[in-house]
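In case you want the letters, here they are:
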Amino acid sequence: MRMICCTARPTAGSLRVFGLDVRRHGRAIKRQLGVVHQSVTLDDALTVRENLVVYGRYFDLTWAEARRRADELLAFAELEARADDRVSKLSGGMQRRLMIARALMANPRLLVLDEPTTGLDPQARHAVWDRLRQLKRRGVTQILTTHYMEEAEHLCDRVAIVDHGRIVAEGPPRELVDRYVGREVVELQVAGDGALARAVAEQAAGLAEGFEVAGDRVFLHTRDGEELVHRVRALRLPLEAVVLRRATLEDVFLRLTGRRLRE
Amino acid sequence: MMDFSPVGAFRFWQRNLLIFRKTFAFTVPENFLEPVVYLLALGLGLGAYLREIQGLPYVAFVATGLAASAAMFGATFECTYNAYVQFYYDRSYDAIITTPLSAEDVAVGEVLWGATRSVIYGTAFLLVVALFGVVRSLWALALPGVFFVSGVVFSTVALAFTAVTPSIDLFTYYFSLWITPMFMFSGIFFPLDALPGWVQTAAWFTPLYHVVRATRALAFGTPVAAVPEVLWLAAVAVVLLPVPAALLRRRLIQ
């Protein structure tokens, strides 16, 4: 992520953004980039509008252009009413929306977002997602990192799962789910601790196409959930609950990266 | 490899100016009141016993020296505490280097802004003391230029320290081991003639000594005496300017 933004130099290999080498064309690349940092990096002493205008100036917008663009983006981020407040008065969700608006000041070809909704409450998160989908519809390419698999599934056309610095799987979210987990997941909540869960998993594993253990729960992967639920019930295992649900990207993530945690 | 653009540095300078205009009322007293207190205490208190130094009224002697130190403090606070907070706590620099601006632009912009504050504080102080008849020559009109050049020197040194310091707590050492000794031994309060030769030699190597001498020379109408002092400051400014740029790049770019 930092290498794309030209704030970290590649230690090996090569990286091109818009066909330009990050080692040599940092300025030209950054001119076409919008970056939303994970931590709040707004200028606290300035108002909401001033933050936008000043940022626009870094991209050589004239003052008039920057002010006009700031007004458009204040509307986009629904921050018009707060335009003249200092940013420290804004809620976390508003600050994040302002960060996104700021990144859009110079009409970037690529928007880079580092965990754009980490630490936000559900309403604020949905407000951010809504903005990002609007941008997607308008054709703004986005790269984002996230720990929320739900977020990746909602927003992304293509997902790369990275584990210890290596891409372990890549593709459209539904395709990854289909490839690594299947259609459905039966969740077993065992009446005991992790050791019992592992014992249960061994007994039930034969019935499913794959399985994962996460703490005191067992996830069985399958294409026919109803059938599997019946067969698990027939085993009369010490379970507190059996839940059938659709397979998600989270299951893929656990399957591909979870093992290390267990060992 | 340096990656510097004058336009980028100017944009950063403009940003600081905008912030300064909003926080003017809080930041001016913190840097400006201190020399005023010294002037009142020493100029009036000590000045009552000590009428003249080097043929000048003591209050005029001290006031011109303090104008030089006001300029120093303006640049120094900017490039120590202010810069550190923006860079470490607010993370503003991290955001700015993902725009077309480079780490070098930020460093040079910050130094130029520190120098600008040096001009603002030094000149403001001079205007106040001018009311007491301390300024006796129109050559004093050249002093903002001297404060700018010396501001570049103080800013580069301060920003270089800021770029390498592991903690904000170490700034107390920057002040107690560098700024305060300079403040006391640059001939602001007393001429250095009576001190051992090595003190005078050491003082020659510090920037404030030269700013004080240049300020007095211009305020009292002996401009020729200011020339070597200004040359010293300009040379050091040019030599030091790339240092904080390189250090800040190392700190900001992985």
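Above this text you will find the structure in question.
Description of the structure in this document. Nothing here was measured: the structure is a model prediction, and the numbers come from that model.

Calculation notes
- Residues numbered from 1 in each chain as written.
- Chains lettered and ligands numbered in written order.
- Predicted model: local features only at pLDDT ≥ 70, side-chain atom pairs only at ≥ 80, totals over all residues.
- Heavy atoms only, no water.
- Helix = DSSP H or I, 4+ residues; strand = E, 2+ residues; numbered from the N terminus.
- Rg over C-alpha atoms; globule rule 2.2 N^0.38 Å.
- Buried < 20%, exposed > 50% of the residue type's maximum accessible area, 1.4 Å probe, protein only.
- Contact = heavy atoms within 4.5 Å.
- Buried area = accessible area lost by both parts, 1.4 Å probe.
- Salt bridge = Lys/Arg side-chain N within 4 Å of Asp/Glu carboxyl O.
- Polar contact = N/O pair within 3.5 Å; in protein donor to acceptor, adjacent residues only side chain to side chain.
- Nonpolar A, V, L, I, M, F, W, Y, C, P; charged D, E, K, R; others polar.
- Core = buried A, V, L, I, M, F, W, Y, C linked by side-chain atoms within 4.5 Å.
- Expected span 1.5 Å × (residues − 1).
- Axes fitted to C-alpha atoms, helices over the stretch in contact; angles between N-to-C directions.
- Left-handed = near helix turned anticlockwise from the far one by under 90°.
- 1 Å grid on protein atoms, 1.4 Å probe; cavity = no way out; pocket = protein on both sides within 12 Å on 5 of 7 lines; lining within 4 Å.
- Points joined across faces, edges and corners; volume = space filled by probe spheres on them.
- Pairing = 2+ DSSP bridges.

### Structural notes on the overall build of chain B
Piece 1. Each helix and strand counted, chain B has ten helices and two strands in total.
Piece 2. Reading chain B from its N end, one meets helices and strands in the order α-β-β-α-α-α-α-α-α-α-α-α.
Piece 3. For 254 residues, the compact-globule estimate of 2.2 N^0.38 gives 18 Å, and the C-alpha radius of gyration of chain B, at 18 Å, lies within 12% of that figure.
Piece 4. The dimensions of chain B, computed from C-alpha atoms along their principal axes, are 60 × 40 × 35 Å.
Piece 5. The proportion of buried residues among the 254 residues of chain B is 54%.

### Remarks on the interface of chain B and chain A
Piece 1. Residue-level contacts link 28 residues of chain B with 27 residues of chain A.
Piece 2. Together, the buried faces of chain B and chain A total about 2,500 Å²; carbon and sulfur atoms form 54% of this surface.
Piece 3. Our enumeration of links across chain B and chain A arrives at five salt bridges.
Piece 4. Between A:Arg27 and B:Asp3 there is a salt bridge; the shortest N-O distance is 3.0 Å.
Piece 5. Connecting chain B to chain A are 17 residue pairs in polar contact (both at pLDDT 80 or more).
Piece 6. Of all the elements in the fold, those that place two or more residues in the side of chain B that touches chain A are α1 (6–45), α3 (92–96) and α10 (242–252) of chain B.
Piece 7. With eight residues, the single largest contributor to the side of chain B that touches chain A is α1(B).
Piece 8. Split by residue class, the side of chain B that touches chain A holds eleven nonpolar, eight polar and nine charged.

### Examining the nonpolar core
The tendency in soluble globular proteins is for nonpolar side chains to be buried as a group.
Piece 1. Ranked by size, the top nonpolar core spans 134 residues in total, and within it A:Leu111, A:Leu132 and B:Leu208 carry the most contacts.
Piece 2. Per-element accounting of this core gives the leading share, 17 residues, to helix α2 (residues 58–89) of chain B.
Piece 3. Those residues in contact with A:Leu132, other than ones at most four positions away along the chain, are A:Ile100, A:Leu111, A:Leu113, A:Pro116, A:Gln142, A:Leu144 and A:Leu155.
Piece 4. Counting 15 residues, the second largest nonpolar core, distinct from the first, contains A:Val200, A:Ala204, A:Val229 and A:Leu237.

### Some points on helix α5 (residues 122–137) of chain A
Residue and element names in this part refer to chain A.
Piece 1. With 16 residues, α5 should cover 22 Å at 1.5 Å per step; its first-to-last C-alpha distance of 22 Å lies within 8% of that length.
Piece 2. Where α5 is concerned, the buried positions are Ala124, Arg125, Ala127, Val128, Trp129, Arg131, Leu132 and Leu135.
Piece 3. Contact partners of the buried residues in α5: α3 (63–76), α4 (92–103), β4 (110–114), β5 (141–145) and α6 (149–155).

### Considerations on the packing of α2(B) against helix α4 (residues 103–130) of chain B
Residues and elements named next belong to chain B.
Piece 1. It is the contact of α2 with α4, at a shortest axis distance of 8 Å, that shows an interaxial angle of 145°. α4 is crossed by α2, and the crossing has right-handed handedness.
Piece 2. Counted by class, the contact of α2 with α4 contains 14 nonpolar, six polar and three charged residues.

### With respect to the pattern of salt bridges
Should their charged atoms come close, side chains of opposite charge can pair.
Piece 1. Counted according to the given criterion, the structure contains 28 salt bridges over all chains.
Piece 2. The closest approach of N and O atoms between B:Arg91 and B:Asp94, which form a salt bridge, is 3.0 Å.
Piece 3. In this structure, a network of salt bridges that share partners links the residues A:Glu187, A:Arg217, A:Arg245 and A:Asp251.

### Quick look at the layout of surface pockets
Residues and elements named next belong to chain A.
Piece 1. For the largest pocket, the calculated volume is near 1,300 Å³.
Piece 2. In terms of lining residues, the largest pocket is bounded by 31 residues, among which Ile143, Leu144, Thr145, Ala160 and Val162 are the most central.
Piece 3. Contributing elements (two or more residues each) for the lining of the largest pocket: α5, β5, α6, β6 (159–163) and β7 (166–171).
Piece 4. Considering each element in turn, the lining of the largest pocket owes the most residues, five residues, to β5.
Piece 5. The residue makeup of the lining of the largest pocket, split by class, is 19 nonpolar, six polar and six charged.

### Some remarks on the environment of A:Leu228
Residues and elements named next belong to chain A.
Piece 1. Position of Leu228 relative to the elements: it lies in helix α9 (residues 225–234).
Piece 2. Overall, the relative accessible area of 2% leaves Leu228 in the buried class.
Piece 3. In sequence terms Leu228 and Leu256 are 28 residues apart; their C-alpha atoms lie 23 Å from each other.
Piece 4. Leave out the neighbours within four places in its chain, and Leu228 touches Val186, Leu207, Ala208, Leu220 and Thr222.

### Regarding the sheet that holds strand β9 (residues 210–214) of chain A
Residues and elements named next belong to chain A.
Piece 1. Strand order across the open sheet formed by four strands is β9-β10-β8-β11, with antiparallel pairing between neighbours. One side of each edge strand has no neighbouring strand; the edge strands of this open sheet are β9 and β11 (239–246). Neighbouring strand axes in the sheet, compared pairwise and without regard to direction, differ in orientation by 20° on average.
Piece 2. Pairing between strand β8 (residues 184–190) and strand β10 (residues 217–222): six bridges, direction antiparallel.

### A word on unusual backbone geometry
A negative phi angle is the norm for most residues apart from glycine, just as the trans form is the norm for most peptide bonds.
Residue and element names in this part refer to chain A.
Piece 1. Of note, Phe18 is a non-glycine position whose phi angle comes to about 50°, a positive value.
Piece 2. Relative accessible area serves as the criterion here: at 26%, Phe18 is assigned to the partly exposed category.
Piece 3. Phi is positive for His164, which is not a glycine, with a value near 50°.
Piece 4. Residue placement: His164 occurs in the loop between β6 and β7.
Piece 5. A relative accessible area of 61% means that His164 is categorised as exposed.

### Some points on the sheet that holds strand β3 (residues 33–36) of chain A
Residue and element names in this part refer to chain A.
Piece 1. In spatial order, the strands read β3-β4-β5; together these three strands make up an open sheet with parallel pairing. With one partner strand each, in any of the chains shown, β3 and β5 form the two edges of the open sheet. Sheet twist, expressed as the mean angle between neighbouring strand axes with direction ignored, is 15°.
Piece 2. With five bridges connecting them, β4 and β5 associate as parallel partners. Residue pairing across strands places Leu110 opposite Thr141, the latter belonging to β5.
Piece 3. In this fold α5 packs onto β4 and β5, with an angle of close to 145° to the strand it touches most, β5.

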